[in-house]
Structure formats: C-alpha cells, structure tokens
Amino acid sequence: MSQQGVTPRSKDYSKWYTDVVLKSELADYAPVRGCMIIKPYGYELWENVKSGLDTRFKATGHQNAYFPLFIPMSFLKKEAEHVEGFSPELAVVTIGGGEELEEPLVVRPTSETVIGHAFSQWIQSYRDLPLLINQWANVVRWEMRTRLFLRTTEFLWQEGHTAHETYEEAQEETLRMLDIYEDFAVNDAAIPVIKGRKSSQEKFAGADTSYTIEGMMGNKWALQMGTSHNLGQNFAKAFDIKYLDKNNEQQFCWTTSWGVSTRMVGAIIMAHGDDKGLRMPPRIAPIQVVLVPIFKTEEEKAKVMDAVARVADSLLAVRIRLHVDDREELTPGFKFNDWEMRGVPLRMEIGPKDVANGTVALARRDIPGKEDKQIVPQEGIIPTIMRVLNDIQHGMLRQARSFRDENLHEVKDYEEFKKVIDDGWALIWHCGTAECEKRIQEDTKASSRCFPLDLNDDKESKKAKCAVCGKPAEGKAYFGRAY
RNA sequence: CGGGGCGUGGCGCAGUCGGCUAGCGCGCUGCGUUUGGGACGCAGAGGUCGUCGGUUCAAGUCCGACCGCCCCGACCA
C-alpha cells in the first residue's frame, strides 16, 4: 500500500478523495456495502476530534452517558415528523435468538426517542433542570449512496441531548453548542465555518429550528460539519418530558440536540488536502512530527541514533506527538514522500551533518517543495518546534479562510446567481420555501446551506424580497453544491 | 431503483478471435550493496481467474443466471 502519489485534485476530485483515504490508511472498505473500517491512523484522528469536543462539552457542564443501540419501533412513531423523516433509512431487527420479535427493534439512526423516554423518567421538578447529557455512539442510516467518512451506513458521532425550563434557555443552549462546534472547527481543525440557520427544507426531522456550521471543501462544495437543533416541545410532548415548576404546575420541557460525526474527518481531509495528499492541522494530527534518521555507515548510524534518541525523548517529554521512522529498508526520500502523503505537519531529519553541527533539518508540510527545509540548532529545539507547529496551525487556517472567502459571492439576482454558483457559494435574498428551493436545486444543483447568523438582521429582511420568486424574503441565504 | 464501469496472487493491470505450463508492474520474504527527495542486484513465496450452471475433445476466454464493488443521479450527519 501507499506507493506513489494520489490522483491530482484537478483531474478527479472524487478519486483524489478516495485515494487519499485509502493510501494514507485512514480507512478501508468493509465487507458490508456502505460500511467502512476505520484504520488506526484514521481512528487516532477521530480520537483527537473527540477529545477536542469532549473537553469543551465537559467545560460547559455536560455529562456523558450511554443509551442502547436498539430502539422499539413504537418509540420512533411517537413524533410524526421524526418518523417520517427517518423511516426510509432505518435498519430494523425482526428476529432475535431465532425467534420472530413481538415488536421490531430499530437500530438507532439517532437517539432523541430513547433519550426522551429516559428523560421523562429522570425529570420531576425544575430542580432537575437543565439536564445536560451527551453520548458518544455509533448510529445506522441506510443511505442510498455512500462515501468514506462523508456518508456511511454506520457512522460514529456524538449526540448531545438537553432539557430546559424555558424556550429561551433551550435556544441559548442550541446556540452555545453551535459556538462550541465553531470553536473546535476553527481553532483545532483549522477550518473556517459559516454559522447559520437551516431552511425548512434542510431542517432536522422533528426540530423547530436547526442550525449548522458549513465548511467549504477544496472543490468549493459545502459540507455540513455539525448541527444543533432547538427541538421546542416536540419531543417533550411525544415522550411526556414534564417538570413541576415553582408554582407547583406541570410544564413540558424544552429540549435540544446537537451532533458532530466522523464526517468531520472528511471535512479535515477535503478542506486541507492537496495534490500530494493529506495535510493535518497540528492540533489534531495523529503524528505532529515525524523524525527521519539518515546515515550510511554503522559508525554514522550509532552517532545519528544517539542524537535521534536524545531529541525524541525531549519532544516526547513535552507531549509532542512524535514518530521516529527508523525503518532501515526504506530510503529517506521514500519516507519524505510517504509522510507528506499522510499529512504529518512537520518533518525533522537528523543525519551525520546534523550530528557534526548540533542541528536538525525541518520541513513543513504546509509549505510546498523541498526548498522550505531549514536547519535549526538542537539547542532549544522544543520552543522551536512548538513555534513552528503553531505557525502551521495558523497558516493552515489562514489559507483555508482566504480560499473560502475568495469563493463567497453576494449576488443580486438569479442570473448572477447562476453565473457564480459553479464557482463557490452565492449569498442571496431567499424566501425559504421548499418550492423555491427545489426549483433552484433543479436548475443549478445547489441547495441552501444556511441563513448566516451574522448577516441577517430582522429590520433589513422585513423589506426584502426573494431574488428568485419575489415573495417576501426570510433572509439572506448561502447556496452551494453540497455533499 | 435508473444510467455507466468493473470482478484474474496483497494492490494495479494484461491475457477475452476458445488451445498447451495464467503473465507483467508494484508490494511481500531472504542475502548483499545502498540511504540528505520515491535505491539496486540475485534468489524466492504467493492465483478455487466473483459464484453457479451450460456449450465443447478443451473455458480465465463463448452462452445464461446470480452475487458483489466502484462512479454518476433521486434521499441524507
């Protein structure tokens, strides 16, 4: 595996993506259609995503719990819009232990229903609120068409579920978690995102309002990288989630749910990758620094490996994720290309010259070509590495942001919209109706991504008209091709 | 489910007017020489040709059915 390069992005973006995932050994196809095997390198990346998010959830008062994989079919049916939205993609178990089951069990596509059921038992009084729960789990949705990490039949994710006393508190929670997703995407994954509200067409089945963070991939398509939903009292009413308020009166709770999945890994691949393969932002890279020893003779080897061990120990001591590639059957040149394809942000070389001079060679993944190699002293290597990794992290964000910004277009009318839509996203006054959105989708293949939160204020929207159908506008919406 | 492509060692492919022992590149194993941008030599290992059935003296090759995968569309985190 992992020889030579990947298909260039310009030649075939889909092929490039698949090549990168397979050749860099993030994942493999599974024996079952639409399913994937996440290999150690890919799983470690996911674990880094996980811990970045989990830390933020805990810091905002959420607790992890685990709810069952199987859900009684009848639960799904309790919320009309929810069952309607999910029934086409359910996997259902009808036989257990060789016996036909009395009631079919759904393999969870999401857990609002089981968790709603649990919440109804846990919550008695306003003193039990807010209830802030998260679970890390796998879910199954029978998709028509799948793609590694972006859309697989089974995927890993986190789903937060919370219950509150008032609409306002639920809304505050919904937006707080959206902010947390943005913070992770921007600061850890180095992907700029647009926060916004989903159109009725794109909204989660069973939610009052859905919010999203949308990222732009290398081919200018959009990817929904996380969603946060204000569920209103829909699930509270369906599952009888009630509390006794201060006036001794029964009230329905207001609930939220929010999720980020292994799709985030796909976003990281597509937002940063180049023709050489992956580029990992240092904060979440499974390997931050790869160290390649170089020597010819046994005598050189002894000295080089001695220096390698010393430098490696000092980096590991400050918890830099370092890998020493001491395979002797491969040439350094091969290793350079190999680790570049795998997206390791920083490469360090130590050879006889470095031993003689007390130096190491550094090469940054985010700067193309080999001319960026710099020789730095071993003395004070830790602060040097820290600084360079930090530079790479910020450089990647800057690069992704300028690419994204170059491909955002504000347009006045549908004609202009059609002109720019193959070349990025278009911001346009939009009525938000399903009919109008479907028409746009048929004409251009673009769907509404969101009504950006920071570009919409009510005063302006009240006067505006939809640029496509002329009906009163709901706000300015971004449209684009999407995964 | 509609359209397109494809199933031959681990990976990528050739062989497909039926014919003899199924071949090539990469990878893999051993030994030696190599090593600052994808090393080389020598010697090896590894294949029910997707499955089932049919035609034939003879099937990877022809016919039929089935299974599976990938890409493009309708559904979706």
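Please read these numbers as outputs of a predicted model, since none were measured by experiment.

1. Details of the sheet that holds strand S17 (residues 346–350)
Next up, step 1: The strand order across the open sheet formed by five strands is S16-S15-S17-S18-S19, and the pairing between neighbours is mixed. Each edge of the open sheet carries a strand with a single partner, namely strand S16 (322–324) and strand S19 (374–377). Recorded for the sheet is a direction-independent mean angle of 30° between the axes of neighbouring strands.
Next up, step 2: Of the pairings in the sheet, the one linking strand S15 (residues 289–293) to S16 comprises three bridges and is parallel in character. Across the sheet, the residue bridging to Leu291 is Val324, located in S16.

2. What to know about the pattern of salt bridges
Next up, step 1: Under the criterion given, the structure shown has 35 salt bridges.
Next up, step 2: Between Glu182 and Lys195 there is a salt bridge, with the nearest N and O atoms lying 3.1 Å from each other. Linking Glu182 in helix H6 (residues 167–187) with Lys195 in strand S9 (residues 193–197), this pair joins segments that are 13 residues apart in sequence.
Next up, step 3: We classify Glu182 as partly exposed; its relative accessible area is 25%.
Next up, step 4: For Lys476, the salt bridge goes to Glu410, with nearest N and O atoms at 3.2 Å. With Lys476 in strand S23 (residues 475–480) and Glu410 in strand S20 (residues 408–410), this residue pair connects regions lying 66 residues apart in the sequence.
Next up, step 5: Members of the salt-bridge network, linked through shared partners, are Glu25, Asp28, Lys39, Asp325, Arg327, Lys335, Asp338 and Arg342.

3. Structural notes on the nonpolar core
Next up, step 1: Counting residues in hydrophobic clusters, the biggest one holds 77 residues, and the most contacted among them are Met225, Ile269 and Ile385.
Next up, step 2: Residues from two domains meet in this core; each of domain 1 (13–272) and domain 2 (289–388) gives at least three.
Next up, step 3: Other than its neighbours up to four places away in sequence, Ile269 contacts Trp16, Tyr17, Val20, Val21, Leu26, Phe149 and Leu278.
Next up, step 4: Of all hydrophobic cores here, the second largest spans 29 residues; its members include Phe67, Leu76, Ile115 and Ile133.

4. Section: the packing of aromatic side chains
Next up, step 1: A complete count under the given rule lists 15 aromatic pairs for this structure.
Next up, step 2: Here Tyr414 and Phe417 contribute two aromatic rings whose centre-to-centre distance is 5.6 Å and whose plane-to-plane angle is 45°, an arrangement assigned as tilted. With Tyr414 and Phe417 both in helix H13 (residues 414–420) and three residues apart, this pair spans about one turn of that helix.
Next up, step 3: By relative accessible area, Tyr414 is classed as buried at 7%.
Next up, step 4: Judged by relative accessible area, Phe417 falls into the buried class, the value being 0%.
Next up, step 5: Seen from the ring of Trp16, Arg9 lies directly overhead, with NZ or CZ sitting 5.9 Å from the centre.
Next up, step 6: Over the ring of Phe75 we find Lys78; its NZ or CZ atom is 5.2 Å from the centre of that ring.

5. Digging into the protein's contact with RNA strand B
Next up, step 1: Not every one of the 42 residues close to RNA strand B is listed here, only the nearest: Arg145, Arg151, Gln224, Arg263 and Thr331.
Next up, step 2: Looking at RNA strand B alone, sugar and phosphate atoms form 46% of those within 4 Å of the protein.
Next up, step 3: Within the side chain of Arg347, an N or O atom sits 2.7 Å from a base oxygen of RNA strand B.
Next up, step 4: At 3.3 Å from a base oxygen of RNA strand B is found a main-chain nitrogen or oxygen belonging to Gly351.
Next up, step 5: Those elements giving two or more residues to the surface near RNA strand B turn out to be helix H10 (332–341), S17 and helix H11 (352–357).
Next up, step 6: In terms of residue count, the dominant contributor to the surface near RNA strand B is H10 (seven residues).

6. Overview of the packing of helix H2 (residues 40–59) against H6
Next up, step 1: Where H2 meets H6, the axes come as close as 10 Å, and the angle between the chain directions of the two elements is 140°. By the criterion of interaxial angle, the relationship of H2 to H6 is oblique. H2 and H6 meet at a crossing whose hand is right-handed. For the pair H2 and H6, the contacting residues are Asn48, Val49, Gly52, Leu53, Arg56 and Phe57 in the first and Met177, Ile180, Tyr181, Asp183, Phe184 and Asn187 in the second.
Next up, step 2: The class makeup of the residues in the contact of H2 with H6 is seven nonpolar, three polar and two charged.

7. Considerations on the domain arrangement of chain A
Next up, step 1: Segmentation of chain A into domains returns domain 1 (13–272), domain 2 (289–388) and domain 3 (408–480).
Next up, step 2: The C-alpha-based centres of domain 1 and domain 2 are spaced at 40 Å.
Next up, step 3: Listed per partner, the contact involves five residues of domain 1 and four residues of domain 2.
Next up, step 4: Carbon and sulfur atoms make up 45% of the surface buried where domain 1 meets domain 2, a total of about 430 Å² over both sides.
Next up, step 5: The largest per-residue losses of area from domain 1 upon contact with domain 2 belong to Lys23, Ser24 and Tyr41, which jointly make up 65% of the total buried on that side.
Next up, step 6: Here domain 1 and domain 2 share one salt bridge between them.
Next up, step 7: Run the count over domain 1 and domain 2 and you get two residue pairs in polar contact (both at pLDDT 80 or more).
Next up, step 8: Of the residues assigned to the side of domain 1 that touches domain 2, the class counts are one nonpolar, two polar and two charged.

8. Comments concerning the side chain of Thr227
Next up, step 1: Tracing the backbone shows Thr227 in strand S11 (residues 222–230).
Next up, step 2: Taking the relative accessible area as the measure of exposure, Thr227 reaches 13% and is therefore buried.
Next up, step 3: A polar contact is formed between the side chain of Thr227 and the side chain of His229, at a distance of 3.5 Å.
Next up, step 4: Setting aside chain neighbours within four positions, we find Thr227 in contact with Tyr181, Tyr211, Thr212, Trp258 and Gly259.

What counts and how
Residues numbered from 1 in each chain as written. Chains lettered and ligands numbered in written order. Predicted model: local features only at pLDDT ≥ 70, side-chain atom pairs only at ≥ 80, totals over all residues. Heavy atoms only, no water. Pairing = 2+ DSSP bridges. Helix = DSSP H or I, 4+ residues; strand = E, 2+ residues; numbered from the N terminus. Axes fitted to C-alpha atoms, helices over the stretch in contact; angles between N-to-C directions. Salt bridge = Lys/Arg side-chain N within 4 Å of Asp/Glu carboxyl O. Buried < 20%, exposed > 50% of the residue type's maximum accessible area, 1.4 Å probe, protein only. Core = buried A, V, L, I, M, F, W, Y, C linked by side-chain atoms within 4.5 Å. Domains from an automatic or database assignment. Contact = heavy atoms within 4.5 Å. Phe/Tyr/Trp six-rings, centres within 6.5 Å; stacked < 30°, edge-to-face > 60°. Lys NZ or Arg CZ within 6 Å of the ring centre and 35° of its normal. Near = heavy atom within 4 Å. Polar contact = N/O pair within 3.5 Å; in protein donor to acceptor, adjacent residues only side chain to side chain. Parallel < 35°, antiparallel > 145°, perpendicular 65-115°, else oblique. Left-handed = near helix turned anticlockwise from the far one by under 90°. Nonpolar A, V, L, I, M, F, W, Y, C, P; charged D, E, K, R; others polar. Buried area = accessible area lost by both parts, 1.4 Å probe.

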